[in-house]
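# Coordinates in review
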Amino acid sequence: MTTIETRRSFCRICHAACPIDVELHDGRPVKVSGVDDDPIFKGYTCVKGRQIPDQFTDPGRIDNPLRRTADGGWEQVDSATALDEVAARLRAIIDEHGPRAVATYTGTGGYQNAPSHPVAMAFHRAIGSLSYYTSVTIDQPMKRTAAMRMGMWEAGPNNFNDADVLLAIGYNPMVSSFSPNGGLQGTDPFATLRRRKAEGMKLVVVDPRRTELAAQADIHLQVRPGEDPTLLAGLIRVILDEDLHDAEFCEQWVEPGHIDALRVAVDPYTPVYVADRCGIDADDLVAAARMFAGGTRGIAGNGTGPSMAPHPSLMEHLTQTLNVLCNRFLQAGDTVHTSSFLQPEPPARAQVLGPFGLPNGPESRFRGLRGIGGEMPCTTLAQEIATPGDGQVRALIVNGGNPVAAWPDMVRTLEAMESLELLVVIDHRMTQTAEFADYVFAPRLALERADVPPFMDRWFREPYACYTPAIVEPTGDQLNDWEVYWEIAERLDVTLELPGGPIPRGDRPSDDDVLDLIYYNSRVPLSVIRERSGEVLWEYAIEVKPADPDASGRFLLALEDHMEELGQVYNESTSAEVMAGFDPAVHRFRLISRRLKSHLNSLGGELAGLRRKNPTNYAYMNPEDMASLGVDDESLVRIASPYGSLIGVAKMAPDVRAGAISMAHSWGGTTMDDGGVREVGAPTNRLIDVENGYCHITGQAIQSSIPVSVEAVSDEVLAS
Ligand SMILES: Nc1nc2c(c(=O)[nH]1)N[C@H]1C(S)=C(S)[C@@H](COP(=O)(O)OP(=O)(O)OC[C@H]3O[C@@H](n4cnc5c(=O)[nH]c(N)nc54)[C@H](O)[C@@H]3O)O[C@H]1N2
Ligand SMILES: Nc1nc2c(c(=O)[nH]1)N[C@H]1C(S)=C(S)[C@@H](COP(=O)(O)OP(=O)(O)OC[C@H]3O[C@@H](n4cnc5c(=O)[nH]c(N)nc54)[C@H](O)[C@@H]3O)O[C@H]1N2
Ligand code: SF4
Ligand SMILES: [Mo]
């Protein structure tokens, strides 16, 4: 007799944390469904979440640790032995070269697992190694640095639920579940957007692709890739020119003289100039500026598209300038809708916090970049590994990430993987990166862990409690990511310190013990979150307090370097000019990033149900471009940047702007050719050069709006 039961949990394939009911047969998951009566998700899940049971039956799942053999193959090894060996090798590397030689890279898999990042960071503090890296510094690092430099509003942005207008620049929550400041994350985005639009919310979308979000827009500015700084400067100019900004708010909270300096800097960005440069209609630009400034509450925010294009810090600065000019912030007496239950009680006053200036963490050995908030910039890590000298990284622990597939600059990443003395990967799949590993530790998957959602805690659009216990028993020799660090720390005889104190030594504590130590000063006790998971707890919503009488922080809208950069941008004919080797006659296209519903970065292709939906990462192109290149659906194209090239499979897409090619990242193999492109896709990170055209503040490489040439090629290239 099969025992059948259904247990409640939440999905952790992506950050969105959709609640799920998991049907278990003899304790094994067989079916995942949404939770219809959930107050904010209302039954929503996506195809990835519904495929979770396949992760458990996938014959490729790594559920026991693996060790590299002398002949380059793999053998199973028990975790205690693997941990002894790894710890001994780390000890030797630290003794000889110092702790900086040991690095961690925490990727998206680590971020969807609350204890993973805090414990890995605690490990680095304990051994005294500053070499801690995450995917956040190749995602949207400028969000943090721009806020630090300009100043931020302590009470936070307006709520999505009562916004009159949303200005969405280069993100697509209908597929990605991402929207800056909260709102549309996974939480039933289609129905939620329909409802908000019926309530009168206006939507302006800036995207070179007519995305699932753009299709719902009141105004879609189908901008040329990489021209967002120009477009944003144009919006600001219209707003200042027509006095649509909140003059009273600016008088009080903007540094004196900065509005005037900003006026001067954006003055050349007339609607006619901007429209011509961005390939949009000047009337639409003016209408969009009026629409954004017109409402009383709204949000301007951007996503990964423009954050990976040239001038990302300037782009973020201008986006936030729009929010300041139009006062898109919560005021005294307002209620903060996002929950932040896991954070300590915030002050939440209606005043400016900061500014705090440039990142001032430890110096990287490359490009004069610096760390921030305990992290070093990921775009330098491959070079930190491959380049000999003092401070060279010799051992890397990959904590739920996939550098070979995801890091910008595949040439340098492969070089780094080859030159590591020790590579340890924690992943349940034999990824492109694991192929280079010395040890692969088998992690417990989401349903096998107790957890809370660290990202969504700040982004749920209502104060919503979310916690899950483990609901499936592991069957192999698996360790939760944090346990790998704790076990190595035991062997190195160091103690891991968390906000609530040290993680006990000796007997390994449980996930819940560690969650209690991480969130010991959460403003809503974890016991309440555990008990009331799945409920909206308005009684815990924060009310915004008035400003301190002597609040002295003022927004710096006219930062000198950014105002200068606006002058440079004006002198460019295209933002691609920031890349050396760009030739307008050759690189006539721009390759832009996108997400696929069926995949999460490199995750998905290993499961047959998801692979069927997207067998390759198609090069989506406008029909006009395909006709002029003589390319048909499914035929091959060679796409070449000033740095590298790939072979892609063309797919007709009228939603993509002419001149753009829309392609998902983190596909392909580990080689420099694309013989298997029809089966495994091709890596766009081969086109990316971290040394060319990068952001000087964050190191962000150009990972979208990459200038490329495109030519038709025959299938014979695959054989060669
Ligand atoms: N050209 C280009 N490059 C990009 C981007 C782009 O848009 N364009 N996007 C960038 C962005 S935003 C990011 S965040 C990075 C992504 O960078 P990464 O996070 O390095 O890439 P992922 O493929 O998401 O790797 C996550 C890994 O975690 C594993 N995993 C899943 N669940 C678990 C688990 O429970 N435990 C453990 N230990 N592992 C697990 C998965 O199998 C997968 O291999 O890529 C960046 N690279
Ligand atoms: N299904 C799914 N969900 C995911 C992921 C996934 O791989 N699959 N990845 C997760 C991760 S790691 C992240 S960081 C988030 C990212 O979440 P989002 O930022 O929403 O990512 P995308 O859906 O790629 O949206 C980026 C948009 O930018 C546009 N774009 C590209 N270049 C430019 C440009 O130069 N200017 C402008 N204005 N737009 C441009 C693209 O056309 C695209 O529509 O998604 C997360 N969620
Ligand atoms: S949107 Fe994200 S969290 Fe929700 S079901 Fe899909 S993968 Fe899971
Ligand atoms: Mo990301």
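Residues numbered from 1 in each chain as written. Chains lettered and ligands numbered in written order. Predicted model: local features only at pLDDT ≥ 70, side-chain atom pairs only at ≥ 80, totals over all residues. Heavy atoms only, no water.

## What about the domain arrangement of the protein?
Our working rule: Annotation comment: domain bounds sourced from an automatic or database domain assignment.
Domain assignment breaks the protein into domain 1 (4–57), domain 2 (66–134 + 359–455 + 475–524), domain 3 (154–333) and domain 4 (573–719). The straight-line distance from the C-alpha centre of domain 2 to that of domain 3 is 37 Å.

## Regarding the site of ligand 1
The following threshold applies: Only a single heavy atom is needed: when it lies within 4 Å of a molecule or strand, its residue is near that molecule or strand. The term polar contact refers here to a pair of N or O atoms within 3.5 Å; inside protein, the definition further demands a hydrogen-donor-capable atom paired with an acceptor-capable atom, and it admits residues adjacent in sequence only when both atoms are side-chain atoms. Areas reported here follow the Shrake-Rupley algorithm with a probe of radius 1.4 Å; residue values treat only the protein chains shown as occluding. Note that Gly is not counted as nonpolar here; it falls among the polar residues with everything else outside the nonpolar set of Ala, Val, Leu, Ile, Met, Phe, Trp, Tyr, Cys and Pro and the charged set of Asp, Glu, Lys and Arg.
Around ligand 1 lies a shell of 30 residues, among which Tyr105, Thr108, Asp427, Arg449 and Ser602 are the nearest. One of the side-chain nitrogen or oxygen atoms of arginine 595 is found 3.2 Å away from a nitrogen atom of ligand 1. Protein contacts shield 95% of the accessible area of ligand 1, which totals 920 Å² for the unbound molecule. Its residues assigned to classes, the shell around ligand 1 comprises 8 nonpolar, 15 polar and 7 charged. Counting residues domain by domain, the shell around ligand 1 receives three or more from each of domain 2 (66–134 + 359–455 + 475–524) and domain 4 (573–719).

## Things to note about the nonpolar core
Side chains that are nonpolar tend, in soluble globular proteins, to be buried together. Under the convention used in this document: In these notes, a set of buried Ala, Val, Leu, Ile, Met, Phe, Trp, Tyr and Cys residues joined through side-chain atoms within 4.5 Å is what counts as a nonpolar core. A simple rule labels every residue: compare its accessible area, found with a 1.4 Å probe on the protein chains alone, to the largest value its type can have, and call it buried under 20%, exposed over 50%, or partly exposed in between. Strands are runs of DSSP state E lasting at least two residues, helices are runs of H or I lasting at least four, and both sets are numbered from the N terminus onward.
By size, the foremost hydrophobic cluster in this structure holds 63 residues, and its most contacted members are Trp153, Leu167, Leu231, Leu235, Phe555, Leu557 and Leu566. In terms of residue count, helix H9 (residues 228–241) provides more of this core than any other element does, 8 residues in total.

## Some thoughts on the site of ligand 2
Lining the immediate surroundings of ligand 2 are 32 residues, of which Ser176, Asp207, Asp228, His599 and Asn601 lie closest. Threonine 304 is positioned with one of its side-chain polar atoms (N or O) 2.7 Å from an oxygen atom of ligand 2. Between ligand 2 and serine 704, the relevant distance is 2.9 Å, taken from a nitrogen atom to a side-chain nitrogen or oxygen of the residue. Coverage of ligand 2 by the protein chains reaches 96% of its 910 Å² of free accessible surface. Its residues placed into classes, the shell around ligand 2 shows 12 nonpolar, 12 polar and 8 charged. Each of domain 3 (154–333) and domain 4 (573–719) contributes no fewer than three residues to the shell around ligand 2.

## Observations regarding a nonpolar patch on the surface
Our working rule: Like charges within 9 Å and nonpolar side chains (Val, Leu, Ile, Met, Phe, Trp, Tyr) within 5 Å are joined into patches, using only residues over 30% in relative accessible area that form no salt bridge. Salt bridges are defined by distance alone: a side-chain nitrogen of Lys or Arg within 4 Å of a carboxyl oxygen of Asp or Glu.
A surface patch of nonpolar side chains, amounting to about 240 Å² of accessible area, comprises Val411, Tyr643 and Met672. Checked against the element boundaries, valine 411 lands in helix H18 (residues 410–419). Assessed through its relative accessible area of 32%, valine 411 is described here as partly exposed.

## Description of unusual backbone geometry
Cis geometry is found at the peptide bond from glycine 354 to proline 355, where omega equals -5 degrees. Within the secondary structure, proline 355 is located in the loop between strand E14 (352–353) and helix H16 (381–386). Phi angles above zero are rare outside glycine, and histidine 311 is one such case at about 60 degrees. Counting through the fold element by element, histidine 311 comes out in the loop between helix H14 (304–307) and helix H15 (312–325). Histidine 311 gets classed as buried once you look at its relative accessible area, which sits at 10%.

## Considerations on empty space enclosed by the protein
It is a probe the size of a water molecule, rolled over the atoms, that shows where empty space is left. Defined as follows: Residues are called lining when one of their atoms sits within 4 Å of a cavity or pocket point, these points coming from a 1 Å grid over the protein atoms alone, where a cavity is a set in which a 1.4 Å probe fits but cannot get out and a pocket is an open set with protein on both sides within 12 Å along at least five of seven lines. Grid points are joined across faces, edges and corners, and a volume is the space filled by probe spheres set on the points.
Per the counting criterion, the structure on display carries 7 cavities of 30 Å³ or more. Considered as a void within the structure, the largest cavity measures approximately 130 Å³ in volume. Surrounding the largest cavity, 15 residues form its lining, Cys11, Cys14, Cys18, Cys46 and Gly49 being those nearest its centre. Looking at the lining of the largest cavity, its residues break down into 10 nonpolar, 3 polar and 2 charged.

## Focus on the pattern of salt bridges
Applying the stated rule across the entire model yields 43 salt bridges. The partner of glutamate 606 in a salt bridge is arginine 429, and the shortest N-O contact between them spans 3.3 Å. Here glutamate 606 is found in the loop between strand E21 (589–594) and helix H23 (608–611), whereas its partner arginine 429 is found in the loop between strand E16 (422–426) and strand E17 (439–441), with 177 residues between them in sequence. The partner of glutamate 634 in a salt bridge is lysine 651, with the nearest N and O atoms 2.9 Å apart. Residue glutamate 634 is found in the loop between helix H24 (623–629) and strand E23 (636–640), and its partner lysine 651 is found in strand E24 (residues 645–652); the two are separated by 17 residues along the sequence. For glutamate 634, a relative accessible area of 33% translates into the label partly exposed.

## A short note on a positive patch on the surface
Here is the rule we go by: Asp and Glu count as negative and Lys and Arg as positive, but His and the ends of the chain are not part of the count. Working definition for charges: the position is that of NZ of Lys, CZ of Arg, CG of Asp or CD of Glu.
Together, Arg50, Arg611, Arg612 and Lys613 make up a region of like positive charge exposed at the surface. For arginine 611, the location among the structural elements is in helix H23. A relative accessible area of 37% means that arginine 611 is categorised as partly exposed.

## Overview of the sheet that holds strand E10 (residues 202–206)
Note the cut-off: Here the rule is simple: two strands pair whenever DSSP picks up at least two bridges between them. Inter-axis angles, ranging from 0 to 180 degrees, are taken between N-to-C directions of lines fitted to C-alpha atoms, where helices are fitted over the stretch in contact. Two residues qualify as a contact provided that any one of their heavy atoms is within 4.5 Å of a heavy atom in the partner residue.
Reading across the sheet, the 4 strands line up as E11-E10-E9-E12 and stay open at both edges, with parallel pairing between neighbours. Edge positions in the sheet fall to strand E11 (219–221) and strand E12 (298–302), since each has one partner strand and no second. Ignoring which end each strand starts from, the neighbouring axes of this sheet average 10 degrees apart. Pairing geometry for strand E9 (residues 165–169) and E12, over 5 bridges, is parallel. Bridge assignment links leucine 167 to a residue of E12, and that residue is alanine 300. Packed onto the sheet, H9 meets E9, E10 and E11 and runs at close to 155 degrees relative to E9. Contacting E9 and E12, H15 crosses the sheet at an angle of about 180 degrees to E12.

## Some remarks on the pairing of strand E6 (residues 102–106)
If a strand is regular, its side chains alternate between the two faces of the sheet. Most of E6 is tucked away, with 5 of its 5 residues classed as buried. Pairing between E6 and strand E7 (residues 132–134): 3 bridges, direction parallel. Bridged to tyrosine 105 within E7 is tyrosine 133.

## Description of the sheet that holds strand E15 (residues 395–399)
Reading across the sheet, the 7 strands line up as E5-E4-E17-E16-E15-E6-E7 and stay open at both edges, with mixed pairing between neighbours. Looking at the sheet topology across the chains shown, the edges are occupied by strand E5 (74–76) and E7. On average, adjacent strands in this sheet sit at an angle of 20 degrees to one another, irrespective of strand direction. When strand E4 (residues 66–68) meets E17, the two strands line up antiparallel, connected through 2 bridges. Within the sheet, the bridge partner assigned to leucine 66 lies in E17 and is valine 440. Along the sheet face, helix H5 (residues 116–127) touches E6, E7 and E15 and points at about 170 degrees away from the line of E6.

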